[in-house]
Amino acid sequence: MRRRYACMVDDLANGTSMTIGGVDGEVPIALFRTEDGEFFATEDSCTHEQWSLGEDSDLEGGEVVCPLHMARFDLRTGKALCFPATVALRTFQVEIEDGRVFVHG
């Protein structure tokens, strides 16, 4: 897996998300920062409907909620937590180094 630079730690506020990649054949990845300041990364598209979780989702504790049909996923494991989603999100390792956030994926 390739190590991708995502952003500086301070570029992503607590409780927000963003999408990285998606150009030149890269798989888009959603990067999340919880209210507690932890970083997580998953595939960007909801597994129920193709909707960008990095650009438009809600964070509730350790879960991401797709606003399209309210599918919920565990940020740590990617597990689908309720219908209509039944397929887990792929997750990626996040690494913080010298104030920079990197995603392995």
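What counts as what
Residues numbered from 1 in each chain as written. Predicted model: local features only at pLDDT ≥ 70, side-chain atom pairs only at ≥ 80, totals over all residues. Heavy atoms only, no water. Helix = DSSP H or I, 4+ residues; strand = E, 2+ residues; numbered from the N terminus. Buried < 20%, exposed > 50% of the residue type's maximum accessible area, 1.4 Å probe, protein only. Polar contact = N/O pair within 3.5 Å; in protein donor to acceptor, adjacent residues only side chain to side chain. Contact = heavy atoms within 4.5 Å. Phe/Tyr/Trp six-rings, centres within 6.5 Å; stacked < 30°, edge-to-face > 60°. Lys NZ or Arg CZ within 6 Å of the ring centre and 35° of its normal. Pairing = 2+ DSSP bridges. Axes fitted to C-alpha atoms, helices over the stretch in contact; angles between N-to-C directions.

A. Seen up close, the side chain of serine 57. For serine 57, the location among the structural elements is in the loop between strand S4 (39-43) and strand S5 (58-60). The buried category is assigned to serine 57, whose relative accessible area is 16%. Separated by 2.5 Å, the side chain of serine 57 and the backbone oxygen of leucine 53 make a polar contact. Setting aside chain neighbours within four positions, we find serine 57 in contact with Ser17, Phe32, Val64, Val65 and Pro67.

B. Spotlight on the packing of aromatic side chains. Scanning the entire structure with this criterion turns up one aromatic pair. Taking the centre distance of 5.9 Å and the plane angle of 70° together, the rings of tyrosine 5 and phenylalanine 102 count as edge-to-face. Taken together, the residues tyrosine 5 in strand S1 (residues 3-8) and phenylalanine 102 in strand S9 (residues 100-104) connect sequence positions 97 residues apart. Using a relative accessible area of 44% as the deciding quantity, one classes tyrosine 5 as partly exposed. Using a relative accessible area of 10% as the deciding quantity, one classes phenylalanine 102 as buried. A cation over a ring is seen here: arginine 3 above phenylalanine 102, with NZ or CZ 3.7 Å from the ring centre.

C. How the structure looks around the sheet that holds S5. Taken together, three strands build an open sheet; the order of strands is S5-S6-S7 and the sheet is antiparallel. The two strands at the open ends of the sheet, each matched to only one other strand, are S5 and strand S7 (72-74). With direction set aside, neighbouring strand axes in the sheet form an average angle of 30°. As judged from the three bridges shared by strand S6 (residues 63-65) and S7, these two strands associate in the antiparallel manner. Counterpart to valine 64 in the pairing with S7 is phenylalanine 73.

D. Representation of the side chain of threonine 34. Positionally, threonine 34 belongs in the loop between strand S3 (29-33) and S4. Among all residues touching threonine 34, those that are not within four sequence positions of it are Asn14, Gly15, Phe40, Leu59, Gly61 and Leu75.

E. Region of interest: the sheet that holds S3. Taken in spatial order, the six strands of this open sheet run S1-S9-S8-S4-S3-S2, and their pairing is antiparallel. Every interior strand has two partners, whereas the edge strands, S1 and strand S2 (16-20), have only one. Across the sheet, the axes of successive neighbouring strands diverge by a mean angle of 30°, strand direction being ignored. Across five bridges, S1 lies against S9 in antiparallel orientation. Opposite tyrosine 5, over in S9, you have phenylalanine 102 as the bridge partner.

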